[in-house]
Amino acid sequence: MRVRIAPSPTGAPHVGTAYIALFNLAFARHHGGQFVLRIEDTDQRRSSRESEQAIFDSLRWCGLQWDEGPDVGGPFGPYRQSERSALYVTHCAQLVARKRAYPCFCSAARLDVVREAQKAAGEDWRYDRHCRGMDADEAQRRIDAGETHVIRLAMPTDGATTVPDALRGAVIYENHRVDDQILLKSDGLPTYHLANVVDDHLMEITHVIRAEEWINSTPKHVELYDAFGWEPPVFIHMPLLRNADKSKISKRKNPVSLEYYQRAGILPEAFLNFLSLLGYSMPDERDFFSLAEFIADLDLTRVSLGGPVFDLAKLEHINGLYVRAMSPELLGDRAQAWLTEESRHHAVAELVQDRVPTLAAWNAQIAMFYGGKVTWGDEARHFLVGCSSRKKKSVRLDAKRSRAMFDDLIARFESLAPWHRTEIEAALRAAVELSGAQIGDGFMAVRVAISGSTASPPLFESIETLGRAVAVVRLRAASDWLRGKGHLNDEIVTIEKQLAALRLTQERLAEAQAAGGRIAPTEQ
RNA sequence: GGCCCUAUCGUCUAGUCUGGUCAGGACACCGGCCUUUCACGCCGACGACGCGGGUUCAAAUCCCGCUGGGGUCACCA
């Protein structure tokens, strides 16, 4: 038996990728099969080698090692779709020859018009098959003339396609509702659907274990297997991980980057144990077990189909179980290794050098560089909301403006390349400038959000060393706090009142000083 | 909105196929014990079969309907 995961290298390595990888790997190991890693980088615009490397690194950190893949090779390579383009083109040509696919010359503009018309008429959006009946000679002539075109799947117009899902049974789709999916894009590269089916067949994948979000496109895949005359694999759609509000897990509402969990001090074996418990339970309901035990006892019929909420509290509990199960020696070694991984301590040393008169001061100074979220005390929260500016020309930060600034900065950080102090500074300055706040005020709010304190090592360098994953999560936490959830709204109102009072006091102080008066120092 | 999936404590789940155990465990929360503190540990409390029909001596479990939740409807995967 052969299974695979096929992540797209378009961003930070995702917790959902690890979840699906875990079940694939366990399935392969349980049955003595192979677990393949294939990189789906057919989206030229969004894919990157950095992201691909990050996926390798994070999956390895989890302990999910693949048997075949771009970096380890294997008998079915290449394992990067961008290196397999010719395969898709020739296979797609077969489909066209068999009239199971056809060239389409419709422009994006025409498609938009059709889509709008269908929407206005209250119909489902589907390609209107304008090019489907085109004469083969005419099509060939236009292709030869160099006209840009795509290749579409000629979905049957009647009947139904049955998707046999191993967990759900037969899921039936009426063919007339299924779109004539684009198979080959105008840039000559395949879409997911084509590449996926061709590769799964060529790589002799027997079981497709993927997330449920794919189930609605599976009839297209089934149709493709049929058109090629191939035996389809067994389809197993796993439930989708959810946010606390039950929506599909998202970075907006959860830390989804695997790098974050590594940086937050989660043990990979605990992380895997936790993931194993989502949508799944061991036959004897054990909730503390190794990957080896999981593999040994794996039975996919035990998967429960309701979408499980990703609960950080439970993750931390399980992590604690692992911490306490270790010998003190092992724990010490593991903690030490974690502290020095990636040689981060060298970068940290550079940043705290001026602040550690003795080595004993080291610990206190480095705290912000390790771990996930930070907690803010009352004083720190004042600065999150916004500190009072002395310059009248600039905008005064308040909860709303401060949050907008954080959100803007998060977006900038997420797409920042490279992740380097110079670029970080530029992003930071741009975000604060856009907010209208005085530069120092904005920087202070960010400093507090990032470090948890009003005093920290140099900001840009610190953010660089902290890493994108953790920096973004901390900023997000600040933004979330400012948005106010439940009682937090009241807390912000209180803080804003206090701030107003503080400003008043300062103004009076300034007036008094201007008047030459002396003011007795107030007690703190 | 159409289509598809789904439905047990706040959360993760066992039990559902093969109707009959006070619906069990874990996390979180709350209370207590232990303890110089904290943590761990231990004990306890709270807490669920979405609703309505039907089948049956008996329904969380089987059937139908409703409702809720989610996903999906791209030259992204």
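Refer to the structure presented above.
A few points on the structure.

Conventions we followed
Residues numbered from 1 in each chain as written. Chains lettered and ligands numbered in written order. Predicted model: local features only at pLDDT ≥ 70, side-chain atom pairs only at ≥ 80, totals over all residues. Heavy atoms only, no water. Core = buried A, V, L, I, M, F, W, Y, C linked by side-chain atoms within 4.5 Å. Buried < 20%, exposed > 50% of the residue type's maximum accessible area, 1.4 Å probe, protein only. Helix = DSSP H or I, 4+ residues; strand = E, 2+ residues; numbered from the N terminus. Contact = heavy atoms within 4.5 Å. Lys, Arg positive; Asp, Glu negative; His and termini not counted. Salt bridge = Lys/Arg side-chain N within 4 Å of Asp/Glu carboxyl O. Polar contact = N/O pair within 3.5 Å; in protein donor to acceptor, adjacent residues only side chain to side chain. Pairing = 2+ DSSP bridges. Axes fitted to C-alpha atoms, helices over the stretch in contact; angles between N-to-C directions.

**Topic: the nonpolar core**
Here is step 1: Phe271 and Phe413 are the most contacted members of the largest nonpolar core, which has 104 residues in total.
Here is step 2: Counting residues per element, this core draws most heavily on helix H1 (residues 15-30), which supplies 11 residues.
Here is step 3: Residues within four places of Phe271 in sequence aside, it is in contact with Val15, Ala18, Trp61, Cys62, Leu258, Tyr261, Ile266, Phe310 and Leu315.
Here is step 4: Ranked by size, the runner-up nonpolar core spans 31 residues in total, among them Cys92, Ala101, Val197 and Val198.

**Thoughts on the environment of Ala411**
Here is step 1: Tracing the backbone through its elements, the reader meets Ala411 in helix H16 (residues 399-414).
Here is step 2: Residue Ala411 is classed as partly exposed on the basis of its relative accessible area, which comes to 43%.

**Re the side chain of Asp41**
Here is step 1: With respect to the secondary-structure elements, Asp41 resides in the loop between strand S2 (34-37) and helix H2 (49-62).
Here is step 2: Despite being buried, Asp41 has no salt bridge partner; Arg80 is the closest side chain of opposite charge, sitting 4.9 Å away.
Here is step 3: Among the polar contacts made by the side chain of Asp41, one reaches the main-chain amide nitrogen of Gln81 at a distance of 3.3 Å.
Here is step 4: Among residues more than four places away in sequence, those in contact with Asp41 are Pro9, Ser47, Arg80, Gln81 and Ser82.

**Describing the sheet that holds strand S3 (residues 101-104)**
Here is step 1: As summarised here, the arrangement of the 3 strands in space is S3-S4-S7, forming an open sheet in which the pairing is antiparallel. The open sheet is flanked by S3 and strand S7 (182-184), the only strands paired with a single partner. Adjacent strand axes in the sheet meet at a mean angle of 45 degrees when their direction is disregarded.
Here is step 2: Two strands pair when backbone bridges link them, and strand S4 (residues 150-153) and S7 are joined in this way by 2 bridges, in the antiparallel orientation. Each bridged residue has a counterpart across the sheet, and for Ile151 the counterpart in S7 is Leu184.

Without other data, these values stay purely geometric and don't point to any function.
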